[in-house]
Amino acid sequence: CRQPLFTLQDCAADNGKGVPKAAAAARALEQIAADVSAESHVVSIPMPGHAESKDQIEQSVTLLDRLVQECDVVYLLTDTRESRWLPTVMAAAHNKLLMNAALGLDSWLVMRHGGSPDSHNNSRLGCYFCNDVVAPENSTKNRTLDQQCTVTRPGLAPIASAMAVELCVAVLHHS
């Protein structure tokens, strides 16, 4: 959950262009906890239904794949349904535990994807859409404001993020 870490000063920085949310969140985390070493990456996740150049897709996939491989747990807090597909597939492919927090206008969902935290257990979970009734597509195109996945109630992101952390701890303690 990066929203509470993004301040009004971050919005106004660079003559109103603002600081990228990932960079602002990393800086804020290091200010809050001295023992945190945070790194920020601004990346466009390739998504079904969204047009991007081949070079941009290749760069994004390479960076995202490296980041997934380097971490122990992936926390997925993206804005749209279709942006969750590729990271969940990568987490499953690399046997990495992935915690997903999905927010909507009137609901939220926290669920686990990817591999098993137990290195002796080869059971893996499917991607975000494996058990979904709707295929990945551009969820923001031709939708009213209340139908877009990117609209949320204030205060919901910290609650969903906290539940994602609780789910991760429960999974790790169970294995």
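Not measured: the values here are computed from a predicted model. (Residues numbered from 1 in each chain as written. Predicted model: local features only at pLDDT ≥ 70, side-chain atom pairs only at ≥ 80, totals over all residues. Heavy atoms only, no water.)

1. Some remarks on the nonpolar core
Then step 1. One finds Leu97, Met99, Ala101, Leu103, Val110, Leu156, Ala157, Ala160, Ala164, Cys168 and Val171 forming the largest nonpolar core, which totals 11 residues.
Then step 2. Of all elements in the fold, only β2 (97-103) and α5 (156-174) reach the threshold of two or more residues within this core.
Then step 3. Here this core gets 6 residues from one element, more than from any other, and that element is α5.
Then step 4. Beyond its immediate chain neighbours, meaning those up to four positions away, Leu156 contacts Leu103, Gly104, Ser107 and Trp108.
Then step 5. Ranked by size, the runner-up nonpolar core spans 10 residues in total, among them Ile45, Val68, Cys71 and Val74. (Core = buried A, V, L, I, M, F, W, Y, C linked by side-chain atoms within 4.5 Å. Buried < 20%, exposed > 50% of the residue type's maximum accessible area, 1.4 Å probe, protein only. Helix = DSSP H or I, 4+ residues; strand = E, 2+ residues; numbered from the N terminus. Contact = heavy atoms within 4.5 Å.)

2. What about the sheet that holds β2?
Then step 1. With mixed pairing, 3 strands are arranged side by side in an open sheet as β1-β2-β3. Strand pairing shows two members of the sheet lacking a second neighbour, β1 (73-76) and β3 (108-114), which therefore form its edges. Averaged over neighbouring strand pairs, the angle between their axes works out to 15 degrees when direction is ignored. (Pairing = 2+ DSSP bridges. Axes fitted to C-alpha atoms, helices over the stretch in contact; angles between N-to-C directions.)

3. As for the packing of aromatic side chains
Between two aromatic rings, the relevant description is the distance of the centres plus the angle of the planes.
Then step 1. According to the stated counting rule, one finds 0 aromatic pairs in the structure shown.
Then step 2. A cation over a ring is seen here: Lys21 above Phe6, with NZ or CZ 5.8 Å from the ring centre. (Phe/Tyr/Trp six-rings, centres within 6.5 Å; stacked < 30°, edge-to-face > 60°. Lys NZ or Arg CZ within 6 Å of the ring centre and 35° of its normal.)

4. Concerning the side chain of Asp10
Then step 1. Mapped onto the elements of the fold, Asp10 is located in helix α1 (residues 8-12).
Then step 2. One polar contact links Asp10 to Arg27, side chain to side chain, over a distance of 2.4 Å.
Then step 3. Excluding anything up to four places from it in sequence, Asp10 contacts Leu5, Gly18, Val19, Ala24 and Arg27. (Polar contact = N/O pair within 3.5 Å; in protein donor to acceptor, adjacent residues only side chain to side chain.)

5. Observations regarding a nonpolar patch on the surface
Then step 1. Together, Tyr75, Leu77, Val165 and Val169 make up a nonpolar patch on the protein surface, roughly 290 Å² of accessible area in all.
Then step 2. Summarising the element assignment, Val165 is placed in helix α5. (Patch = residues over 30% accessible without salt bridge, like charges linked within 9 Å, V, L, I, M, F, W, Y side chains within 5 Å. Areas by Shrake-Rupley, 256 points an atom, 1.4 Å probe, with all protein chains shown as cover. Salt bridge = Lys/Arg side-chain N within 4 Å of Asp/Glu carboxyl O.)

6. A short note on the side chain of Thr78
Then step 1. Position of Thr78 among the secondary structure elements: in the loop between β1 and α4 (85-93).
Then step 2. What makes Thr78 buried here is its relative accessible area of 18%.
Then step 3. A polar side-chain atom of Thr78 sits 2.7 Å from a polar atom in the side chain of Ser83.
Then step 4. Residues in contact with Thr78, not counting those within four places in the same chain, are Ile45, Ser83 and Arg84.

On their own, these measurements won't tell you what the molecule is for.
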